[in-house]
Amino acid sequence: MKCVIMAGGFGTRLRPLTNSMPKPMVPMVNRPIMEHIVDLLKENSITDLTALLYFQPETITGYFGDGKKFGANFDYVTATSDLGTAGAVAAAMRGVEGDHTTLVISGDVLTDINISEAIEFHKKKKAIATIVLTRVDNPLAFGIVITDDNGRITRFLEKPGWGEVFSDTINTGIYILDPEVLDYLPEGEEFDFSKDLFPILLKEDKPIFGCVAEGYWKDVGSLDEYRQANMDILEGRVHVNIPGEPVAGKDVWTGSDTRVDFTSSLEGRVVIGDNCKIEADTRIVNTSIGSNVTIEEGAVIIDSVLWDGIKIGRGASLHENVIGHKTEIGSGAHLAENVVVSDDCVIGRNATVKPNVKVWPHKIVDDGAVLASSLVWGQKWSKNIFSTYGVTGLANIELSPDFAAKLGAAYGATLEKGSFVSTSRDAHKTSRMINRAVMTGILSTGVNVHDYGVTPMPVCRLLARGGPEAGGIHTRRSPFDPLLLDLKFFDTVGLDLHPGYEKNIERLFAREDYRRVPIEETGEMVFPIHGFEYYENAFMSAVDAVVIRKAQFKIVLDYSYGSSSRIFPSILGRLGCEVIALNANLDGTKVTRTAEEFDKAIAQLSNIVRSVGADAGILLDAGGEKIFLVDDAGEIIDGDTALNIVTLLMLKCSKAAGVKGSIAVPVTSSGAIDRLSKIYGFTVMRTKTSARGLMEAASEPDIIFVGESSGGFIFPQFQPNFDGMFAIAKILEMLAIQNVRLHRLIRELPPSIILKDRVACAFENKGRVMRRLAEDSAGKNTILLDGIRINFKEDWVAAYPSQDRPYFLIVAEAATENVAKELILRYSDKIREYQKA
């Protein structure tokens, strides 16, 4: 058995600890993490090792040499270009004489998985490739692998959203490959295991299996996970060789020439390296201490990791910290939880470092100073920057001008120099500030900016489709929380950015890997003056203005203090509508509405519709994307009913006009839509519940309408994005064509009851719950698209995890309220039960 160790990692997510060393060499209880891998391989009788190197290869070759002192035979392959994971491994396999089964393992994970059992599994199954799998609490950051009962792989999901987590079984990055695999690996080309090789083997029905391994496995992918992995070793959760001599009667290991004062207190499990000095009255709990470390009198160190050459001053206090090589912590200094101090730093006497602060190499904190933020920006790089609603953060605190400028630079670095992007915003003054900060970052990369100022988001999305922009960013105050700002990114056709593109921006941001251009190549800022005119002309050409004018509609319209009031009144005037406008003035302080304020606004809208005898009442959200309806009788129409009504109108008008195609709605939408579509001769496409999923569906060539139950409607013949203004005009057009009003249409809808609820579920339990729900639904009529939907003839229930909140959402539809309640209760109980270990 040959083994290839992938040891080329930069360790970006472990910065600032990995600024000066490759990730496989990061110490884990005083030994490089890769050395623990070598020990594991040796225990499984695998000693012929090839290490694939890239970043600082001399550090690894200098430590391991020919491998003999570690009981192994080492050779090395240093990549000169990026061949991808599979391409690099293929080059190493071809460099070995003879046909050998090859084990592939990462040099920067911590594991005690039984490799021999996985190899026996591979042989027994006669597999061409075996992926070693493990179960984790939170599978979002990994590649999920789904197998049948025999262990044969049936499906891969790379970096899924919570709605796609149909299992908590993930790819460990440990592979067993037969020589036949080389037939599928091109020479000298970039090729990846998960993206390229395994899908090809699956498509060609080759025997590719997944072996679910018992034991410990951790991808040390963040600073928190690094410290926790060290704690797991100390607490005996993972079997590795701990250096040093055990002290009789204690869970303590000490190296040579180390002195520990008899008055010191060593509690829990403590590992101390060579040539250390632990002075009187110190207290050390569950801590790993490197070599050549001095800890002076009265210091307290709890649950921490100390590298080599460190000095801890008298009375200093460290709690859940990681301290890099040759750093000095002054007397009386206090380091709070999750502080990371990199190499060659000095924390002054009586200084305080607040929780979660990261101090990069060669920094000095003055005596008595209070450090509340990192000395180099970037402490949040181990977490996703993008969320369900784009980039969201506390205004001017998390989403600050310097953060926004660096994010703009990371985004600009993904684009070609000289290209254009659009920027826009709402009317709030802080949105203006952050918008300008984003623009400065973009301009610094040589990318030009078209700034449309205070403009509704649908206008900017349309301009991106018809203009030269490569994408755009809209800055707004969050519609859900007045303290938050959102940055909405969209691509060259106006769609929300693809998650893969978001990940690319996040990687550049984490590495601070921005393109900086010379002074004459910085981007230019342009303020286009014909944007509204272009949008209005495109808008008018996409609706039947004549039929709308003839209907002489009278509507009540709440603009929600948003920027739609800058353009929509002109359009409605050209459509001949009589409009009673509410909240039509721009006011950035009022664009966020609480649930109570929204209910009050919609109730006011209802009262005014009744009072003035209007044909409809419409609340247009501040961003100009979503609408909420009141019918001609003043009745407030809930979101599910509104979707059914607009769908019915679209079906009627499309059939009358001889239009063919399909409509698209989320998997959680009413079955009434399927029944209506069948009556009128149309098909229904079910989509994910995310905005991106709906927009992607709208981009399909045969889709004529997309809608969802929170006020979002897309008419793809205009643009494949949410546009509340166009939705209003299109609904009026269809009402005019059918010579009908909203209240009467409600009577034509098939009867059904939809109930919704949510069940608390911690993020670490979501993967297990999704797996158990998928197992429970086996053999039933299910849809595994976004969460799990189980159909019971006409009734159904869907359960899907919130992307950014700790709960599951449950939706049930039935002919009666009692049946819908029973479905909600049954699956709520299942979700609670499945969370139990």
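Report follows, based on the coordinates. All figures in this text were calculated on a predicted structure; none of them were measured in a lab.

Calculation rules
- Position labels on residues start from 1 in each chain and follow its written sequence.
- Confidence filtering applies because this is a predicted model: local features only for residues at pLDDT of at least 70, side-chain atom pairs given and counted only at 80 or more, and all residues used for totals across whole chains, interfaces and linings.
- Calculation of side-chain values draws on the structure's entire complement of heavy atoms; hydrogens and water are dropped beforehand.
- Every axis corresponds to a line fitted to the C-alpha atoms, with the helix fit spanning only the stretch in contact, and the corresponding angles, defined between N-to-C directions, vary from 0 to 180 degrees.
- Strands are runs of DSSP state E lasting at least two residues, helices are runs of H or I lasting at least four, and both sets are numbered from the N terminus onward.
- Comment on the angle field: the value is read as roughly parallel under 35 degrees, roughly antiparallel over 145, roughly perpendicular from 65 to 115, and oblique elsewhere.
- By the convention used here, residues are in contact when the closest approach between their heavy atoms is within 4.5 Å.
- Under the grouping applied here, Gly and all other residues not named as nonpolar or charged are polar, the nonpolar ones being Ala, Val, Leu, Ile, Met, Phe, Trp, Tyr, Cys and Pro and the charged ones Asp, Glu, Lys and Arg.
- Handedness of a helix crossing follows the sense of rotation of the near helix relative to the far helix, less than a right angle counterclockwise being left-handed and clockwise being right-handed.
- For every residue, the accessible area obtained with a 1.4 Å probe (protein chains only) is divided by the maximum for its type, and the residue is called buried under 20%, exposed over 50%, and partly exposed between those limits.
- Side-chain rings of Phe, Tyr and Trp, where Trp is taken by its six-membered ring, are said to pair if the distance between their centres is within 6.5 Å; with planes under 30 degrees apart they count as stacked, over 60 as edge-to-face, and otherwise as tilted.
- We count a charge as sitting over a ring when the NZ of a lysine or the CZ of an arginine lies within 6 Å of the ring centre and within 35 degrees of the ring normal.
- Just to be clear on terms, a salt bridge is a Lys or Arg side-chain nitrogen sitting within 4 Å of an Asp or Glu carboxyl oxygen.
- A pair of strands counts as paired when DSSP detects no fewer than two bridges linking them.
- To estimate how far a helix should reach, multiply one less than its number of residues by 1.5 Å.

The subject of this paragraph is the packing of helix α9 (residues 457–466) against helix α11 (residues 531–541). Packing of α9 against α11 leaves a shortest axis separation of 10 Å and a crossing angle of 85°. As the angle between them shows, α9 and α11 are arranged roughly perpendicular. Touching Pro-458, Val-459, Leu-462, Leu-463 and Gly-466 of α9 are Gly-531, Phe-532, Tyr-534, Tyr-535 and Ala-538, all from α11. By residue class, the composition of the contact of α9 with α11 is eight nonpolar, two polar and no charged.

Contact geometry of helix α7 (residues 401–412) with helix α8 (residues 429–443) gives a least axis separation of 6 Å together with a crossing angle of 40°. The orientation of α7 relative to α8 falls into the category oblique. Viewed along their axes, α7 and α8 form a crossing whose handedness is right-handed. From α7, Pro-401, Ala-404, Ala-405, Gly-408, Ala-409 and Tyr-411 reach across to α8, where they touch Met-433, Ile-434, Ala-437, Val-438, Thr-440, Gly-441 and Ile-442. Split by residue class, the contact of α7 with α8 holds 10 nonpolar, three polar and no charged.

Another aspect to go through is the side chain of Asn-644. Along the chain, Asn-644 falls in helix α15 (residues 639–657). A relative accessible area of 6% places Asn-644 in the buried class.

As a further point, take the packing of aromatic side chains. Following the criterion strictly, the structure yields 24 aromatic pairs and no others. With 5.0 Å between their ring centres and 75° between their planes, Tyr-63 and Phe-64 make a pair best called edge-to-face. Here Tyr-63 falls in the partly exposed class, since its relative accessible area comes to 31%. Here the aromatic residues Tyr-535, Phe-539, Phe-568, Phe-705, Phe-713, Phe-715, Phe-718 and Phe-726 are joined through ring pairs into a cluster of three or more. The ring centre of Phe-722 lies 5.2 Å from the NZ or CZ of Lys-626, which sits over that ring. Looking at Arg-758, its charged tip hangs above the ring of Tyr-807, at a distance of 4.5 Å from the centre.

The final tally for this structure, using the stated rule, is 42 salt bridges. Put simply, Glu-187 and Arg-94 hold a salt bridge, and the shortest N to O gap is 4.0 Å. Here Arg-94 lies in helix α3 (residues 84–94) and Glu-187 lies in the loop between β9 (169–177) and α5 (193–203), a separation of 93 residues in the sequence. In this structure, the salt-bridge partner of Lys-821 is Glu-817, at a minimum N-O distance of 3.5 Å. Here Lys-821 and its partner Glu-817 are both found in helix α21 (residues 817–834), four residues apart, which amounts to about one turn of the helix. Taken together, the shared-partner salt bridges in this structure form one network comprising Arg-135, Asp-168, Arg-771 and Glu-775.

Time to look at the sheet that holds strand β39 (residues 554–558). Remark on secondary structure: sheet strands pair via backbone hydrogen bonds, oriented parallel or antiparallel. Here we have four strands laid out as an open sheet, ordered β40-β39-β41-β42, and mixed in their pairing. The open sheet has two edge strands with one neighbour each: β40 (578–582) and β42 (627–630). Strand-to-strand twist of the sheet, defined as the mean angle between neighbouring strand axes without regard to direction, takes the value 20°. As defined by bridge partners, strand β41 (residues 616–620) adjoins β42 across four bridges and the pair is classed as antiparallel. Residue pairing across strands places Leu-619 opposite Phe-628, the latter belonging to β42. Against the sheet, helix α14 (residues 595–612) makes contact with β39, β40, β41 and β42, and its axis sits at roughly 155° relative to β41, the strand it touches most.

Okay, α8 next. Taking 1.5 Å of rise per residue, the 15 residues of α8 would be expected to cover 21 Å, and the 21 Å separating its terminal C-alpha atoms lies within 8% of that figure. Along α8, the residues that are buried comprise Thr-430, Ser-431, Ile-434, Asn-435, Ala-437, Val-438, Met-439, Gly-441, Ile-442 and Leu-443. Against α7, β34 (420–425), β35 (448–454), β36 (469–477), β37 (484–490) and β38 (525–526) lie the buried residues of α8.

Of all nine residues that make up β36, eight are buried, and the element is covered over most of its length. Bridge analysis of β36 against β37 gives six bridges, and the strand direction is antiparallel. Each residue of the ladder has a partner; that of Ile-473, found in β37, is Phe-489. Where β36 folds back onto β37 in an antiparallel hairpin, the turn is made up of six residues.

Take the pairing of strand β4 (residues 102–106) next. With five of five residues buried, β4 is to be regarded as a mostly interior element. Across the two faces of β4 the burial is the same, with Thr-102, Val-104 and Ser-106 and Leu-103 and Ile-105 all buried. Of the pairings in the sheet, the one linking strand β1 (residues 2–6) to β4 comprises five bridges and is parallel in character. When the sheet's bridge partners are listed, Met-6 is paired in β4 with Ser-106. Inspection of the sheet shows β4 paired to β9 by three bridges, in the antiparallel sense. Opposite Thr-102, over in β9, you have Leu-177 as the bridge partner.

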